[in-house]
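Structure assessment
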Amino acid sequence: MHHFGHLAPRVRGELFHREPAAFRTDSPLPVLATALGATLYSPATRPRLSDDVRKQAARGVVSMVLCLEDAIDDAEVGAAEDNLVAQLTRLAAEAVDGDALPLLFVRVRAPGQITALTRRLGPAVGVLSGFVLPKFTEETGVPFLEALTAAEEACGQRLLAMPVLESAALLYAESREETLRGIARTVEKYRDRVLALRLGVTDFCSAYGLRRAPDMTAYDVGIVASVIADVVNVLGRADGTGFTVTGPVWEYFPRQERMFKPQLRRTPFTPGAERLRSALIEHDLDGLLREVELDRANGLLGKTCIHPAHVAPVHALSVVTHEEFSDAADILREDHGGGGVLRSAYTNKMNEVKPHRAWAERTMRRAHVFGVAREDVTFVELLAAAVPAA
């Protein structure tokens, strides 16, 4: 699979200086973690779940979470498990070579669900990439990861974990430091199985009766911003000890199923940025765009999404610009390995080889899976192309 694979080759050729590279479910963890992009959540109760997965894959989704936890009522768990097994079995039976299914994860409630579902799925477990582990701390996380290890051994397939950091112990000032240390110890022990760490910002807000408005980002909520900063500080370091930490969920979506494709089609791309912005504001997505930019500025990569309308904007913003690529390539040139300061090829900034090296390496990983835009291609053109036809 690869990002923007739902676009025609001609369109990709017009948009990209370097097209997104293909990746597989058995690709190295840093590649898969970077490639997650907009991870779309779906309740496991949906009666046509296998069709939904195929439909979203055709619209550019490359990672999905099928949820047995907060997305469904407590009374629905048994029926949701049955439906999940039936739908994944169908998906596996109908899959043919060359099918580009998304990376699929199941969000469970209890460790026992991991081993039970793996056993019930049998050969159909092959369509799964792993499990999402809720309310993760050292105390609660170890049983989940032990169950994942047992399930992996039983089915003979690599199963990855995405812990969700959302517990009150992580939020509260008096327990945050020790909770973070415990999480760090746990994920380090299981490093070869932990794909990425996800942030449960809705749960953080819930602890204080808060909810951010559609014109605000998670970083405007002080207590949430402080948790994100501490999580990245301890768990997102670029020195080889860190993990990919994904951006928090954006919970607002278009008021109608009809998206902003018509506005984009009518927008001449110069001076179309302001018209695009108006279209995005109308559909409550302007805040999403600002939050994605702030996610990256604060060390987060990817995004939890609860509506298909969020996928195209997140992916369009994930493409590396030609300017970013030019700077990163200059910094990583072998003849600059000894350090020094360079003037950007765009003549608008300083590139300092040693301090900017980690940024350049991270940018190149993103360029590998999301591609590099042509010099004259902006977010506007990428989004216009990526939005599926109505």
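Preceding this section is the structure that the text describes.
In this text the structure is predicted, and so the values were computed from the model without any measurement.

Another point: the state of the cysteines. Within this structure, the stated rule accounts for 0 disulfides. Unpaired in this structure, Cys205 has its nearest cysteine sulfur neighbour in Cys305, at a distance of 17 Å. The thiol of Cys305 is unpaired, and the distance to the nearest cysteine sulfur, on Cys67, comes to 14 Å.

Relative to the helices and strands, Asn298 is located in the loop between helix H13 (286-297) and strand E9 (303-305). Considered as a pair, Asn298 and Val232 are 66 residues apart in the sequence and their alpha carbons are 7.8 Å apart. The residues contacting Asn298, other than those within four sequence positions of it, are Tyr219 and Val232. A polar atom in the side chain of Asn298 sits 2.7 Å from the backbone oxygen of Leu294.

So, about the pairing of strand E4 (residues 103-107). Most of E4 is tucked away: 5 of the 5 residues are buried. Of the two faces of E4, the one carrying Leu103, Phe105 and Arg107 and the one carrying Leu104 and Val106 are both buried. Inspection of the sheet shows strand E3 (residues 63-67) paired to E4 by 5 bridges, in the parallel sense. Bridge pairing in E4 links Cys67 to Arg107. Here E4 pairs with strand E5 (residues 130-133) via 3 bridges, running parallel. The partner of Val106 across the bridge, within E5, is Phe131.

Glancing now at helix H17 (residues 379-386). An α-helical turn contains 3.6 residues, so any two residues separated by three or four positions project in the same direction. Of all the 8 residues making up H17, 7 are buried; the element is thus mostly covered by neighbouring parts of the structure. All buried positions along H17 are accounted for by Phe379, Val380, Glu381, Leu382, Leu383, Ala384 and Ala386.

This part is about the sheet that holds E4. In spatial order, the strands read E2-E3-E4-E5-E6-E7-E8-E9; together these 8 strands close into a barrel with parallel pairing. Within the sheet, the average angular offset between the axes of one strand and its neighbour, ignoring direction, is 30°.

In this section: unusual backbone geometry. The backbone of Phe4 shows a phi angle near 65°, a positive value even though the residue is not glycine. Relative to the elements of secondary structure, Phe4 occurs in the segment before helix H1 (9-15). Of the residues examined, Phe4 reaches a relative accessible area of 3% and is grouped as buried. Here Lys135, not a glycine, exhibits a phi torsion of approximately 45°, which is positive. One can find Lys135 in the loop between E5 and helix H6 (138-155).

The next point concerns the pattern of salt bridges. Applying the stated criterion across every chain, the model contains 33 salt bridges. The partner of Arg90 in a salt bridge is Glu94, with the nearest N and O atoms 3.1 Å apart. You can see Arg90 and its partner Glu94 sitting in helix H4 (residues 77-94), 4 residues apart, about one turn around the helix. For Glu94, a relative accessible area of 40% gives the class partly exposed. In the salt-bridge network here, residues are joined through shared partners; they are Glu69, Asp70, Arg107, Lys135, Glu166 and Asp203.

Moving on: the packing of helix H15 (residues 322-332) against helix H16 (residues 357-370). Where H15 contacts H16, the two axes come as close as 9 Å, and the packing angle between them is 125°. By the criterion of interaxial angle, the relationship of H15 to H16 is oblique. The two elements H15 and H16 cross, and the hand of that crossing is left-handed. Across the interface between the two elements, Glu324, Phe325, Asp327, Ala328, Ala329, Ile331 and Leu332 from H15 touch Arg357, Trp359, Ala360, Glu361, Thr363, Met364, Arg366 and Ala367 from H16. Of the residues belonging to the contact of H15 with H16, the class tally is 9 nonpolar, 1 polar and 5 charged.

Criteria and cut-off values
Residues numbered from 1 in each chain as written. Predicted model: local features only at pLDDT ≥ 70, side-chain atom pairs only at ≥ 80, totals over all residues. Heavy atoms only, no water. Disulfide = S-S within 2.5 Å. Helix = DSSP H or I, 4+ residues; strand = E, 2+ residues; numbered from the N terminus. Contact = heavy atoms within 4.5 Å. Polar contact = N/O pair within 3.5 Å; in protein donor to acceptor, adjacent residues only side chain to side chain. Buried < 20%, exposed > 50% of the residue type's maximum accessible area, 1.4 Å probe, protein only. Pairing = 2+ DSSP bridges. Axes fitted to C-alpha atoms, helices over the stretch in contact; angles between N-to-C directions. Salt bridge = Lys/Arg side-chain N within 4 Å of Asp/Glu carboxyl O. Parallel < 35°, antiparallel > 145°, perpendicular 65-115°, else oblique. Left-handed = near helix turned anticlockwise from the far one by under 90°. Nonpolar A, V, L, I, M, F, W, Y, C, P; charged D, E, K, R; others polar.

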